[in-house]
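Commentary on secondary and tertiary structure
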Amino acid sequence: MADNKTHLVQQSRRQFLRKASMLALGASPLLSLAATDNNEGVSLAGGMRPLVKYPGKRDLILVHSRPPHLETPFSVFNESLITPNDAFYVRYHLANFPTEIDLKKYKLNINGAVNKTLQLSLQELKSMAEPVDVVAVNQCSGNSRGYSSPRVFGAQLSNGAMGNARWTGIPLRTVLEKAGVSPEAMYVTFNGLDKPVLPTTPDFIKALNIEHALSPEPLLAWGMNGEDLPFLNGYPLKLIVPGYFGTYWVKHLSEITVLDTEFTGQDSYFMNTAYQLPDNDCLCVTPGSTAEKNRPISTLPVRSFITNISADDTLSSAKPIELEGIAFDDGSGIKNVDISIDGGLTWLTSTLGESLGRFSFLPWKLTVSFAQKGKATVMVRASNNNGEVQPLRASWNHGGYRRHAIESVAINVI
């Protein structure tokens, strides 16, 4: 990664305001936040992307500010297997997002096709069951979209719209069972405190089918890496859906509605219109064409990265070097991570590290030696227990979603 080049503005640091039970973002003019150039290796149409500091966060890459969309610098993923709270990426859809939440007034509402509606404070939620932990990857559906060719509409993201954290909360089904779900229930919808500015704009509401919602995996989480959720990552409560893309992980969760009908209407936009993939075997189309049928994006594909070298690094041929990285999938389990140092002609199997759980980043490492000097391409390819293998080339869809092609890093060997 290139050094920062131009310091534009003296940054003003702001702290979360914690008074009594209140947590607030403050009223900073977001557009005046400081920025410095950085290079994430993506030649974006908008040019270099600035670094900015938001409350509770270290310098992150600004994608846009209304609402906040911040990407994690890729070098963070070489710091530890767990992504620090202050470095975790941020993604909002609606400009009317909360800037302060008073826990004295906060309630989670459960309604719809249930025996009894519930209004639960965070403390009541915490007392309902023994807390559980899950380490899981939260990845934006459009992570790496900036590499799509031809380019696609949407935020031009590099590889930093993902993170791995230990989430603490109670199973979603604990709350649903307390409310008493109707036998006719079909879907459960989830809404947060962020709202659309205009009445014609759909609210950001996501849905899980009833079988998934009542399974052990979805979590109502208030904790992230042993601390309260960072405000910008969903304080005070966030829906965690391990193995699924981050679009389902609703922030500032405030309402759960059980439906005994299909989820339709204007506010089903982010389920039935946006975040759709072509409904075919490759989940792709030829650029310029349209799929006959689409379906909502869902689970994470198998994916891997090299974290301890970057493009244009210079490595020595005089001594072996240990390559390191991460791999993950939808929870099926990583089977192998293979490395090529000759541009894909031959592949070597890496050693997998200790697992923090099937939904977590899994570390890998491999010691290699470069026999020849000059330019070289290092590649990483993962496969999982479900038989899925990263493809050499990325398939294409209109949203640039679900990219998971083999990653390559061009280096110099001396």
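Residues numbered from 1 in each chain as written. Predicted model: local features only at pLDDT ≥ 70, side-chain atom pairs only at ≥ 80, totals over all residues. Heavy atoms only, no water.

- Looking at an unreviewed UniProt entry, one finds the protein chain named Oxidoreductase, molybdopterin-binding and attributed to Colwellia psychrerythraea.
- Listed under Cofactor (unreviewed entry) in UniProt, the entry text for the protein chain is "Mo-molybdopterin". (UniProt positions renumbered as here; feature names shortened; annotations may be inferred.)

1. Things to note about the packing of aromatic side chains
- Evaluation of the coordinates by the stated rule reveals 13 aromatic pairs.
- When the ring of Trp167 is compared with that of Trp249, the centres are 5.4 Å apart and the planes differ by 70°; the resulting orientation is edge-to-face. Of this pair, Trp167 sits in strand β12 (residues 162–171) while Trp249 sits in the loop between β17 (238–240) and β18 (253–259), and the two are 82 residues apart along the sequence.
- On the accessibility criterion, Trp249 (2% relative accessible area) is buried.
- One aromatic cluster is present, built from ring pairs that chain together Phe74, Phe77, Phe305, Phe328 and Phe361.
- Positioned above the aromatic ring of Tyr248 is the side chain of Lys206, whose terminal nitrogen or guanidinium carbon lies 4.7 Å from the ring centre. (Phe/Tyr/Trp six-rings, centres within 6.5 Å; stacked < 30°, edge-to-face > 60°. Helix = DSSP H or I, 4+ residues; strand = E, 2+ residues; numbered from the N terminus. Buried < 20%, exposed > 50% of the residue type's maximum accessible area, 1.4 Å probe, protein only. Lys NZ or Arg CZ within 6 Å of the ring centre and 35° of its normal.)

2. Some details on the nonpolar core
- Grouped together as the largest cluster of nonpolar side chains are 75 residues, with contacts concentrated most on Trp167, Leu220 and Ile256.
- The element contributing the most residues to this core is strand β15 (residues 219–224), with five residues.
- Both domains that meet at this core, namely domain 1 (91–274) and domain 2 (303–413), each give it at least three residues.
- Not counting the four nearest positions on each side in its chain, Ile256 is found in contact with Leu108, Asn109, Ile110, Asn111, Leu172, Leu176, Val188, Thr189, Phe190 and Leu220.
- If you look at the next biggest cluster of nonpolar residues, it comprises 21 residues, including Ala327, Leu366, Ala376 and Ile411. (Core = buried A, V, L, I, M, F, W, Y, C linked by side-chain atoms within 4.5 Å. Domains from an automatic or database assignment. Contact = heavy atoms within 4.5 Å.)

3. Focus: the sheet that holds strand β21 (residues 303–306)
- The four strands lie next to each other as β21-β23-β27-β26, forming an open sheet whose pairing is antiparallel. Since the sheet does not close on itself, it has two edges, and those belong to β21 and β26 (351–352), each with one partner.
- Of the strand pairs in this sheet, strand β23 (residues 321–328) and strand β27 (residues 362–368) are connected by seven bridges, and their pairing is antiparallel. Residue Leu323 lies in a different strand from β27, and its bridge partner there is Leu366. (Pairing = 2+ DSSP bridges.)

4. Let's talk about the side chain of Thr174
- Along the polypeptide, Thr174 turns up in helix α2 (residues 172–179).
- Residues within four places of Thr174 in sequence aside, it is in contact with Met128 and Ala129.

5. Some thoughts on unusual backbone geometry
- With an omega of 0°, the peptide bond between Arg66 and Pro67 qualifies as cis.
- Within the element layout of this structure, Pro67 appears in the loop between β5 (60–64) and β6 (69–71).
- Pro150 follows Ser149 through a cis peptide bond whose omega is 0°.
- Mapped onto the elements of the fold, Pro150 is located in the loop between β11 (132–139) and β12.

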